[in-house]
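The lines below spell out each chain.
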Amino acid sequence: MRVKHQEEIILATTNAPEIKQKSKVKTLLINLGIAAVIAAIFTALYFKSDRFQMHAQFIVKVLSKGDLASLKEYLLAWGAWAPVVSAFIMIFQSIAAPLPAFIVTVTNGWLFGAFWGTLLSWSSAMAGAVLCFYIGRGFGRPAVERFVSKKALNYVDRFFQRYGNNSVLIARLLPVVSFDAVSYAAGLTPISFWGFFI
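The structure displayed is predicted, hence computed values, not measured ones. (Residues numbered from 1 in each chain as written. Predicted model: local features only at pLDDT ≥ 70, side-chain atom pairs only at ≥ 80, totals over all residues. Heavy atoms only, no water.)

Colleague: Honestly, the confidence of the model for the chain in this entry has me stumped. Any pointers?
Modeller: Across the chain, pLDDT averages 81, with 84% of residues at or above 70. Per-residue pLDDT, averaged within each element of the chain, yields its smallest value for helix α1 (residues 2–14) (55) and its largest for helix α4 (residues 68–76) (93). (pLDDT = per-residue confidence, 0-100. Helix = DSSP H or I, 4+ residues; strand = E, 2+ residues; numbered from the N terminus.)

Structure follows, in structure tokens:
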């Protein structure tokens with residue numbers, strides 16, 4: 001009986017690297033699937049719906065100009081759906097990395113008050129960060145370079161080299177570092193999802 005148990009232990013430890021490799025492949029496939037579904041949904045909506053395309057272009061224009069009044073008016077037009085629309089705008093802003101998040105954050109505070117506006121901005125920004133992380137993890141550097149300029153990505157690469165495992169935490173605290181670029185770049189590193197998220 002004891003010999004059989006020892007053989008099971010030996011087999012389990014000799015297959016451990018193979019099991020870990022299979023687990024990594026499975027995780028990568030799941031990540032690719034998530035990123036592909038998100039990309040497919042957005043692409044389909046953008047190219048199949050003139051209305052969606054019109055809204056997306058308007059949001060890009062408003063965020064690019066920093067037009068707080070227009071964003072406030074736009075959100076108010078959605079009535080009770082305004083927080084949901086604002087969350088989608090923040091997530092969209094995260095994916096389209098060069099768009100400024102502070103416009104949405106300030107407008108959320110203006111519309112929903114300091115507490116609810118902050119909570120809405122933070123939670124939707126984190127949802128956007130998770131999507132950026134998975135896009136980076138699932139599709140790799142060539143895809144990330146379509147969303148983030150090479151210059152910004154190189155800056156974040158140097159930032160990661162300098163600060164190592166603390167890079168994500170430090171980037172969240174510094175307003176001069178694009179957290180969207182950091183989220184994409186984190187997906188390109190071996191950092192675990194929980195290491196990134198927490």
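Colleague: Any chance you could explain the layout of surface pockets here in plain terms?
Modeller: Think of a ball as big as a water molecule: rolled over the atoms, this probe shows where empty space is left. Considered as a void within the structure, the largest pocket measures approximately 1,000 Å³ in volume. If you go around the largest pocket, you meet 31 residues; those closest to its centre are F42, F52, F88, F92 and I95. Broken down by secondary-structure element, the contributors of at least two residues to the lining of the largest pocket are α2 (16–48), α3 (50–65), α5 (82–95), α7 (114–139) and α8 (141–147). Take the lining of the largest pocket: its biggest share by element is 9 residues, from α2. Of the residues that constitute the lining of the largest pocket, the class distribution is 27 nonpolar, 2 polar and 2 charged. (1 Å grid on protein atoms, 1.4 Å probe; cavity = no way out; pocket = protein on both sides within 12 Å on 5 of 7 lines; lining within 4 Å. Points joined across faces, edges and corners; volume = space filled by probe spheres on them. Nonpolar A, V, L, I, M, F, W, Y, C, P; charged D, E, K, R; others polar.)

Colleague: Would you explain α3 in this entry?
Modeller: The α-helix advances 3.6 residues per turn, and as a result positions three or four apart in sequence lie on the same side. With 16 residues, α3 should reach 22 Å at 1.5 Å per residue; the first-to-last C-alpha distance of 22 Å fits that figure. Once α3 ends, the next one or two residues include G66, with phi positive near 70°. (Expected span 1.5 Å × (residues − 1).)

Colleague: Got a minute to help me understand the packing of aromatic side chains in this structure?
Modeller: Two aromatic rings are characterised by how far apart their centres lie and by the angle between their planes. Going through the model one piece at a time under the given rule, you end up with 12 aromatic pairs. Where W194 meets F197, the ring centres are 5.9 Å apart and the plane angle is 85°; that geometry is what we call edge-to-face. Remark: F197 and W194 occur in helix α12 (residues 193–197); sequence separation between them is 3 residues, near one turn of the helix. In this structure W194 comes out as exposed when scored by relative accessible area, which is 55%. Grouping aromatic residues by their ring pairs yields a cluster made of F133, Y134, F193, W194, F196 and F197. In this arrangement the basic side chain of K72 is found over the ring face of W110, its NZ or CZ atom lying 4.2 Å from the centre. (Phe/Tyr/Trp six-rings, centres within 6.5 Å; stacked < 30°, edge-to-face > 60°. Buried < 20%, exposed > 50% of the residue type's maximum accessible area, 1.4 Å probe, protein only. Lys NZ or Arg CZ within 6 Å of the ring centre and 35° of its normal.)

Colleague: I tried to follow the nonpolar core on my own but got confused; where do I start?
Modeller: If you look at the biggest cluster of nonpolar residues, it comprises 26 residues, and the most contacted ones within it are V168 and F196. Where this core is concerned, the elements lending two or more residues are α5, α7, α9 (150–163), α10 (167–173), α11 (179–187) and α12. When residues of this core are assigned to their parent elements, the largest contribution, 7 residues, is made by α7. Each residue touching V168, except ones within four places of it in the same chain, is listed here: F160, F179, V182, A186, I191 and F196. (Core = buried A, V, L, I, M, F, W, Y, C linked by side-chain atoms within 4.5 Å. Contact = heavy atoms within 4.5 Å.)

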